[in-house]
Every structure is written in C-alpha cells, then in structure tokens.
Amino acid sequence: MNISRRHLLILLPAAAVAWKHVLAGTPEDSPNYQMSEHWWGMLIDIPKCIGCGNCVRACQTENDVPDGFFRTWVERYHRTDWHLENPEVISPDGGKEGFPVVQAGEEGKFFFVPKMCNHCADSPCTQVCPVGATFVTPDGVVLIDQTYCLGCAYCVQACPYGCRYIHPTKKVADKCTLCYHRITKGLTTACCEACPTGARQLADLKNPNDPIHEFLKTHTVQVLKPQMATGAKAFYNGLDGSVR
Amino acid sequence: MSGLKDTGHLFRFAGLFVLAFLVFLVVRSYVVPKTFGEYGHYRGAAIGEIASRPVKFAGHQTCETCHTDIADTKTKGAHAHVNCEACHGALAAHADDPTSVTPAKPDTAVLCARCHTASAAKPVGFPQVDPADHSGGVPCETCHNPHSPVIGSDSGASTAKGGAK
Amino acid sequence: MSGVEGYMYPNEVTLYWSVLIVLYPFITGLVAGAFILASLERVFRVEAVKPTYRLALLTALAFLLDAPLPLQLHLGHPERSPEMYFTPHSTSAMAMFGYVYLWYLMAVLVFEIWLDYRRDIVLMSQQSKGVMRLIYKVMTLGSSNISERALHIDDKVGWIVTLVGIPSAFLLHGYVGFIFGSIKANPWWSSPLMPVVFIFSAMASGIAAVMLLYMATTKLRGQKIDMRCVDTIAMYMFYIFIIDFSLEMLDLVHRVYEADESFRSLNFMVHTKLYFSQIVVQIFVGTLVPLILLFLTQVVKLPEVVRKRIFVLSGCLILISVFAMRWNVVIGGQLFSKSFLGYTTYKMELVTREGLLAAAGLTILPLLFLWALVKLLPPWPDKSLHEAATGD
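Here's a quick rundown of the structure. (Residues numbered from 1 in each chain as written. Chains lettered and ligands numbered in written order. Predicted model: local features only at pLDDT ≥ 70, side-chain atom pairs only at ≥ 80, totals over all residues.)

Things to note about the overall build of chain A
Cut-off, in case you're wondering: Under the scheme used here, helices are H or I runs from DSSP no shorter than 4 residues and strands are E runs no shorter than 2 residues, and both carry numbers assigned from the N terminus. Note on contacts: residues are paired as contacts if their backbone-placed C-beta atoms lie within 7 Å.
Within chain A one finds 7 helices and 11 strands. If you take every contact in chain A between residues at least 6 apart in sequence, the share linking residues at least 24 apart comes to 65%.

What to know about unusual backbone geometry
Residues and elements named next belong to chain A. Keep this limit in mind: Whether a residue is buried, exposed or partly exposed follows from its count of other C-beta atoms within 10 Å of its own C-beta, namely 20 or more, 12 or fewer, or something in between, respectively; the C-beta atoms are built from the backbone.
Of note in this structure, His119 is not a glycine but carries a positive phi near 45°. Looking at the secondary structure, you find His119 in the loop between β4 (109-116) and α3 (124-128). Accessibility expressed as a C-beta count within 10 Å gives 26 for His119, which makes it buried.

Quick look at the nonpolar core
Generally speaking, nonpolar side chains in soluble globular proteins are found buried as a group. Basically, it comes down to this: By definition, a nonpolar core groups buried Ala, Val, Leu, Ile, Met, Phe, Trp, Tyr and Cys residues that connect through C-beta atoms lying within 7 Å of each other. Boundary definitions for the domains trace back to an automatic or database domain assignment.
One finds C:Val31, C:Met211 and C:Met237 to be the most contacted residues of the largest nonpolar core, which totals 202 residues. For this core, the element with the most residues is helix α1 (residues 19-42) of chain C, which contributes 17 residues. Formed jointly, this core draws a minimum of three residues from each of two domains, domain 1 (12-51) and domain 2 (60-160) of chain B.

Some points on the interface of chain C and chain A
The parts lose accessible area when they come together, and the size of an interface is often stated as this lost area. Basically, it comes down to this: Charged residues are taken to be Asp, Glu, Lys and Arg, nonpolar residues to be Ala, Val, Leu, Ile, Met, Phe, Trp, Tyr, Cys and Pro, and polar residues to be all remaining types, Gly included.
In this assembly, 29 residues from chain C lie in contact with 34 residues from chain A. Secondary structure elements with two or more residues in the side of chain C that touches chain A: α4 (83-86) and α5 (93-127) of chain C. In terms of residue class, the side of chain C that touches chain A is made up of 14 nonpolar, 10 polar and 5 charged.

Structural notes on the sheet that holds β4(A)
Across a sheet, paired strands are connected by hydrogen bonds in the backbone, their directions being either parallel or antiparallel. Residues and elements named next belong to chain A. So the rule is basically this: The pairing criterion is simple: DSSP has to find at least two bridges between the two strands. Fitted lines through C-alpha atoms serve as axes, helices being fitted only where they are in contact, and the angles separating the N-to-C directions of these axes extend from 0 to 180 degrees.
Reading across the sheet, the 3 strands line up as β3-β2-β4 and stay open at both edges, with antiparallel pairing between neighbours. The open sheet is flanked by β3 (88-90) and β4, the only strands paired with a single partner. Each adjacent strand pair in this sheet contributes to an overall mean axis angle of 25°, direction not counted. Two strands pair when backbone bridges link them, and strand β2 (residues 72-79) and β3 are joined in this way by 3 bridges, in the antiparallel orientation. Each residue of the ladder has a partner; that of Tyr77, found in β3, is Val89. Across the sheet, helix α2 (residues 54-63) is in contact with β2 and β4; its angle to β2 comes to roughly 160°.

Re the pairing of strand β1 (residues 40-45) of chain A
All names here are of chain A. The element β1 is extensively covered by neighbouring structure, given that 6 of its 6 residues are classed as buried. Of the two faces of β1, the one lined by Trp40, Met42 and Ile44 and the one lined by Gly41, Leu43 and Asp45 are each fully buried. Relative to strand β9 (residues 200-204), β1 runs antiparallel, the two sharing 5 bridges. Across the sheet, Met42 pairs through a bridge with Leu202, a residue of β9. Bridge count for β1 against strand β11 (residues 234-237) is 4 bridges, and the pairing is parallel.

Describing the sheet that holds β1(A)
Spatial ordering of the open sheet is given by β9-β1-β11-β10 (chain A), a layout of 4 strands whose pairing is mixed. The open sheet is flanked by β9 and β10 (221-222) of chain A, the only strands paired with a single partner.

Taken by themselves, the reported measurements are silent on function.
Below is the structure:
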C-alpha cells in the first residue's frame, strides 16, 4: 500500500499535533486528566495467555527495567491432577523469551499466569514505608518517589506478591507503575499494548463505560492471595486453585 | 518551693532538649519538600514527575493515524486485536519523527514462532504449529499476510508491506 | 538461576536484608539487656549486682551508638535517612522506631548516665588539664553544683528515669521484633510472639554481655571478681533464658500443630538450609547446653572456679545462640519463596559494604566505644578520682 505524497502532507502535521497532545502535561494540571475521575486496575484473562513473553519485553523496553529484575513476569504452571498444593512452576528469565515447548501427551494441566504489581487499595508496602516514598495515588496506582526512597527494602519484604525489587544501580525500590506516564495520557500500559491475545487489559473501575464492569458481571474472577486482604486490583479470570 | 534551688542543672539539661527540638523544627521547615502532604503522606510533585516520563510505545491509535490502509486490512482479519507494536516493537520515536526514524522489518522466523510454536502448555484452540513441519523453513510471509494472516481472507501475500513512503 | 531450588518469584532470588540486618537487632538487644541488668539494682534493689551498674550503662550506650551504623551501611541512600525524622510515616514501625531510639538514647540512657556520673564529671572538670578539661566542662553543662541536696535530687530523678527506662527498653527492642512480626506477607516473621521473643532473648544476651565484660575487665585490672554479684547475674540470666526458650518452643509447637499453608515449606527449610544455624547452633549448642550447665549451678553447690568457667562458657554460648536466632529470623525469612514452592541461597560477601568484614568490624567497634567511655567515665568504684582525672 502506498500513501501518496499529498496524502502524507495532510496526515503528517495532523499526526504531529495529535502526538504533541499525547506527550503534553502533568496530570493534576491537565484539563484532560483528573485523578479523582479514575480508579485503575488490570484484568488478566488466564485462558487467553499464551506465554509469549511480549508483555515482559515491552515493559522492559518502556520502563528501562534492569536485567534480572522484573516489573512484570509470566509463570507457567503445571498442575498434576488434584495436587493443588504443589504445582510445578517455572519462569525462565521471567518468561521474557517465552517458555520451552511442552510435548503433547503430558499429564495434568498447564497454563500461564502473568504477574505484576496488584496496585493494592490497602497496600501493605505503603503501610511500612518509613518516609512516605511509596504511596497510593488518588487514582489508585501505587507509585514510588525514587528521589525520596532510602532503599531500606522494607517495602520489598512487605509485598506478598514479590513484585518489588531494589534497583541495582539507582539503589531505590522499583516496581510496576501501571505505566502511569501512559495511562494519564489516554494510552494503555505497555504490557497491554503488546499483548497479542488480549489476556491483559487495563481497567478503569470508575469509568462506567469500561468493559471491565460487564466482564466482572459475567465471569468468575479472583485476586491473588485474597487472605492477605490487600485490596488487590489485578483481577484474574480463570485462576486455578494451585496458583501461588 | 526551696527545692528548686539545687535543680538548675536539670533545667540546663532540659534546655538542651528544647534547643535541639527548636533547631530540628527550623531545619525541618527548610528540608521537607514543599509539596509533601499535598495528597497524602508523600511528595505530591512526584506524581507529576512520574507521569511526565517519556513514552516509548506510541500506541496503536497513533500508528493508525497514518497507516490507515494497514489498519483497514487488520480489522477484518485474525490479527485484528494484535496491536502494531506487539510485532513491530516500540515506535514512539518513529511517530515523533516519521521520516528520520524508520523501523526495521521484523524477522518473521523469530517473531511468528514466538506465539505460534505449538506447545501443549498453550490454550487449546489457539492457532499453533510446529514451525519445521509446517513450512519446512520457508518464511512465514510467503503464504501469510501478517496483517491478515488467515490464507484467503485478504488480498494475498504481496500486501504485507505497508510503510509510508 | 544459581542457588535456587524449586520456584522463587523472580525478584525474590536476591536477599535484600543482609548480615548487617542480622547484626542490628542483635546490637539493640544487647542495649536493652544491659539496661535491664542496670535497672535490677536501681529499681528492684538487687544490691548484689551493684558492681556492674555503671558498666552496664556504659555498655548499653556503647552499643546504642553503634546500632545505627549497620543500617546506614545497608541503606541504598543513607544520606536520606534524616527523612525518617522529618517525615516519619506513622504507620511504619521502622519510622516510629527512629523516635523510640532517639528517646531511649537521650531521655533515658544519656540522662541517666549523666545524673549518675555528674559528681565525678564536675570533679574531673576541676582536676583535669587541657582538652580533657574542656570536654568535662562541656559535660557539666556549666553547672558545678554537687551539693548534697543537688545530688539527692539527682538520685531521685535518676530513679524515675530508670523506672521509665524499663518499659522504654522493652519498647526499644519490642519494636524491632514488631518490625518483623507485623509483616503479614512473611509467615516466618508474622507472629504476635515475635516482639516478646525478641525482648527476652535481648535481655538474656545483654545480661550475658555485661557479665562477661565485668569478668574480663575485672581480671584485666587485676581485681577480684565479686562472686556474689556474678552468681546473681547468672541466676537472672538463667531464668530469663528459660522464658525465652519456652516462648520459642511455643512458637514451634504452634506451627507444627496448626500446620498451615506455609508449614511444609518452612519445615523443609529448617531441616535443610537452616539445619546448622538453627538446630545445631541456636537450639542444641546455644540453648540446651547453657541451660543444663546453668541449671547445675542452681541446684548443686559447685566450687568458685567451676562456676566461673560455667558462667563464661554459658555467657558466650548464649551470645552465640541469640545471634544465631537473629540470623535464623532475618536470613531464614528470605531463603524461602512466598510462593512456598522454592528456596534461594544467601551469598554473603566478604569485603563489600554489606559483607562479613563490615559486620565483624561493626561488632568490634562498640567495644572500642566502650573502651573510650570507660576512659572518659570510669565505672570502677575503687579508683580514686584523682587517679582517674589524670588520664590522657
């Protein structure tokens, strides 16, 4: 297909203007984004995940995640029969380059589970931070102020989901930011953008038109470690009982 | 009360505390960031700082602003919900300056295999093949249009190319 | 992934809290324990332990001054640590601890030492020369009132400070226990017993430390060890250690009986990764052996030489056991995965900022602080003030 030169002359400036809009502004000042109008979460649809690792790679690219540490990762579970308590789990390099092939005929059930920060409404990591370097924004995203963090790693210990780490060179805590710099501009997160099957979808629980509301009505969803009562906002469809 | 007569030293010690506390308050007023406490127990300005980090993935809406023909082809095919950058990588730099930054063409041998290599771990019903058996080394785009991959569903293999010239 | 067995969440493979974080509760524990020993005489009128009163206070101060250092070496940004005082997060045990530490240092320990030593400080400020004279003068805060009435008031106020100091010492070390005990994400740590276990093991270790220091310094000064004092200290050490052991056994029995979802993983960890440090060192060698030895001294009349040897051995073993307990809690809590499906390995480095040498150095440093404090404020009752004042 060819875009003619004339067509291009019209399209390019329009695209440039649109792009500038995309890049503009701080959320609390921007007339387009009001924090109080949003309450962010994520929907993860297990039966759709194919373990391709696109999300892990996209997150690393978008957020300069250092090698060996993960803001998001994918686990592959192998549950043999009724043994819910001890599944076999692997996550080679966080699933970044996918997973080894499983030959047909293997016993038991296999499935993939993307993991990430659950952006807990009652976040235990926020509770233990001694200085207020990690916090829940008014729109429900748990963020880290890396110019204020001491690097004590108390928050890393307090997270039940293992989603935090200490950045090896910055020496401060780091984790998934729900691509805050994207969602406040009307974009979706890098992981959702890169997911080819729609297994990951950003959800704005305060937006009445968000598809999550319909989804929550028609599917059975769970959060990870519900007994911790963290108010986790990463909702999993089709989560097996063996998932840790 | 006459007892206070020999307690001067205790007041001096207490005075040290008071002095230290006052110094602490003064230093604190200088050192604590101005936006601290704006929304909660944290530096309010951090929200804006985090929100203004650079974007590396343009997002498919931006791609579709220019690449309308590709977008049209895609919406009718099996890859309708596979976003552009899922295969083409992060291209905000290209969207920002389309003529200077030209994306490299993905290597289908690696790219397609990532998702479509058959594995019993993948959901049943997801299209998957053994790459060696399936095509015997022939590049995927020989038969499949990546933007509408089901054979026969679209105008054919030669419409794979889609850059703005 | 090297050193990983089974499955660990990818970010869990590295341990973030190193041997320095093991050292920190050990040191604050010694502080609390030393202070409790001092309060035995001051508040509970156990006159037998009076020879160790001043030494116990100086020991507590020496270790308290050292305590922040492992934390500073551990922090990614130690230069930001004042933030804990300027913007403490009230829901964070760690932040509140910063204030408890400061309270304990200034309003309890330094205040009490100053009150007890004030007469000596004033005299030394009048009798010494040069730099030392200036130092002592500053320490008098400009008051040279050592009249009988002033000293009597000091004594009364000091009594109140010690009284307040006892719950403060419990708060100091109980808070450290709570820092771990309140983490619901970690089943090895999360327990209401944690602060209590920490307090009692702290007391045992602090008392053991002061007892050993008293015996060593007395020997070095060529003086005779007051056996009535040491026998009494050892008795308290024994009973407190029994309580500590009982609490730890209660925790163990409770875990084994309830066998919740974490049990299988933790049990395996104790039997493999923590076998040496927990079963061998902490429990058998570090707890059962000293308990049996000390029990003997309580029920059988043994000659002085034998008792001295038992006390020294038991004291050392108790210190080792309490350190091992901190190790098993801190390191053990990070060796297993929160998925309960795997384990990692602690690769302790040697010469880095958080390595073994740094830890060893920070353990020896408080002894240097103590040496300096003993020189500055001699705790020995028999040394004449004139002699003491002519120090460097």
